[in-house]
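Observations on the model geometry
The chain contents come next:
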Amino acid sequence: MSGEEKKLTMIDLARVSKTFPPDVHALADVSLRIRRGEMIFLTGQSGAGKTTLLRMLCGIDCPDKGYIEIAGYDLSRISGGEMQKLRRRIGVAYQDFKLLPDKTVAQNIAYSMEVSYRSRPFIRSQTEKLLTELHLLDKQDALAGKLSRGEQQRVSIARAVANEPELILADEPTGNLDAETALLVTQLFRSYNEQGTTLLIATHDQAIYDFPGSKVIKIENGRLAIQKPPTLVKKAEGKE
Amino acid sequence: MNFLLAVFSQTWRSIAETWRTQLLSLITITLSVLIFTFFYLVYSNALQVGSRLDNDLRLIVYLDEQPDANLQQEYQHKIEKFDQVERIEFVGKLEAYDRFKGQLDDSQDVLKDIPKDFLPPSIEIYPRRNLESLSRIKGFSEYLETMPGVLKVQYGREWVERFYSFIQLLRVVVFLSGSLLILTTTFMIGHSIRLTVFSRKKELELLRLVGASNSYIRVPFFLEGALLGALGSTAGIAALYLLFRWIKTNFAGQAAQGMFSFSFFSTSSVCMIIVLSILLCAGGSFVSIRKILSV
Ligand SMILES: Nc1ncnc2c1ncn2[C@@H]1O[C@H](COP(=O)(O)OP(=O)(O)OP(=O)(O)O)[C@@H](O)[C@H]1O
Ligand SMILES: [Mg+2]
């Protein structure tokens, strides 16, 4: 890969495999390159390995085999401090939300910005802006634990995007939302993508990626199966 | 700037959440500080008493010959080689006689038939009135006895030794209560950090996920420890001061005023104790955080 191309690449996976005991091949030989500024949908049946892939991209899990590079950092060689900095540049909306139930909505969202030492006014205005866009402004001071699942999901999305990350990883971001509310989330993601943010969205929800020009990757039993358009997935040889 | 703000607000939040569990630590630290400073106060007052002792503390070295100026200088030199002293006085035979006569007052006529030089000449040595010199007084007198021409060395042996062993005892007590202070403080700090980590487990996990730096996670614990130290030592000293006032108002009349004017720590000692406690607690929390969070 040339230096120029390396700069344009956000996510680079080469022959990544992950096996869980006893014998679950959650990911097998996955090679994939995602360029900066792209919005990619990751689909596949339940248990296909979508969450496993996303967890490895944000450094929660390590692959058994293969190589992962994010924004130029080789995750197997990254130092603790660099990993922390990298995580501040990645926004993650987890499938299980990972909200703190006894904190307010605003506090939950603030976490991703506070660790980057954002100023108070920035945090406040960003929180209000996102909550307005996600129709949650009236819940700002409610405890996250008291919200409905769909509301919690939107809070976790707001937290993921609040720090204006370069890369957004969203795991099933509309799983608990009705079609109308799901549209709010899609619009939010698209507006970030228009500003140049890279997004990787794992979803079953065909409605959110069913638009002309959408880029979709499908995983089946831990292997990349279908891609649209077909240029996304690297050749089987993987490394160049 | 933003880093400080973020860390302070983080600390504040953590304290607001966990202060109830920290109360026990605070009380323990306060008590330890109170116990330690109590003994330390007694000790430093005893030292004051020591320095107020006057002539009792002089060493008298009896010589067999009246030393001439040269010899006097040699003696002086030898004495100062052992220890710094406050004052050295040479008392000649005649001077000794005059003093003795002065002490006899009315019955001076008993001296009538005795030659005026019957008393031996002596050197009176006033050691510095601090504990270092006090503790060495025995060794000092032994050293003086080895000097040529010395008949005998005298000092308020029993009194000094008793006082010295009292001071020694106090030293041990101060040392023990100081060790106790260090042990309980570091233990309680470790304990309260463990509690905080436990009650903020989920939050700390989330902080890791969103990429909080080590210092962002550590510094609040560190500040909490320092705050515990500051509050605990201030409360401990305040309690000691109340106790001190109470003792003074209730027992002042009975104590021999001149000898035992019990006084409190100076402002600078108070500051010193507080600063040391803060350092101790902050250091303790630093070690615990590294151990518990392994970050
Ligand atoms: N920690 C684990 N231990 C054991 N097996 C695991 C673990 N995590 C995931 N798996 C298995 O790996 C496979 C892939 O799981 P993964 O969570 O990635 O699926 P998914 O595509 O996200 O599914 P869903 O759409 O239901 O969220 C599943 O068979 C799952 O049981
Ligand atoms: Mg999943």
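Worth saying up front: this structure is predicted, and the values here are computed from it rather than measured.

**A short note on the confidence of the model for chain A**
Counting all residues, the mean pLDDT for chain A is 89, and 93% of those residues have values of 70 or more. Within the model, the stretch residues 233-240 of chain A combines pLDDT values under 50 with 16 contacts to residues more than four positions away or in other chains.

**Here we look at the packing of aromatic side chains**
If you walk through the whole model with that rule in mind, you get 11 aromatic pairs over all chains. Ring centres 5.7 Å apart and planes at 25° place the aromatic pair Tyr40(B) and Phe265(B) in the stacked group. You can see Tyr40(B) sitting in helix α1 (residues 2-52) and its partner Phe265(B) sitting in the loop between α8 (214-251) and α9 (267-293), a full 225 residues away along the chain. Residue classification places Tyr40(B) among the partly exposed residues on the basis of a relative accessible area of 32%. Residue Phe265(B) is classed as buried on the basis of its relative accessible area of 10%. Taking 6.0 Å as the distance between ring centres and 75° as the angle between the ring planes, the aromatic pair formed by Phe222(B) and Phe286(B) counts as edge-to-face. With Phe222(B) in helix α8 and Phe286(B) in helix α9, the pair connects residues that are 64 residues apart, well separated along the chain. The exposure class assigned to Phe286(B) is partly exposed, which follows from its relative accessible area of 33%. Taken together, the aromatic side chains of Phe36(B), Tyr40(B), Tyr43(B), Tyr241(B), Phe244(B), Phe264(B) and Phe265(B) make up a single cluster linked through ring pairs. The ring of Tyr94(A) is capped by Lys98(A), whose NZ or CZ atom sits 5.3 Å from the centre of that ring. For the cation-ring pair, Arg13(B) lies above Tyr111(A), with the distance from its terminal atom to the ring centre recorded as 5.8 Å.

Rules behind the numbers
- Residues numbered from 1 in each chain as written.
- Chains lettered and ligands numbered in written order.
- Predicted model: local features only at pLDDT ≥ 70, side-chain atom pairs only at ≥ 80, totals over all residues.
- Heavy atoms only, no water.
- pLDDT = per-residue confidence, 0-100.
- Contact = heavy atoms within 4.5 Å.
- Phe/Tyr/Trp six-rings, centres within 6.5 Å; stacked < 30°, edge-to-face > 60°.
- Helix = DSSP H or I, 4+ residues; strand = E, 2+ residues; numbered from the N terminus.
- Buried < 20%, exposed > 50% of the residue type's maximum accessible area, 1.4 Å probe, protein only.
- Lys NZ or Arg CZ within 6 Å of the ring centre and 35° of its normal.

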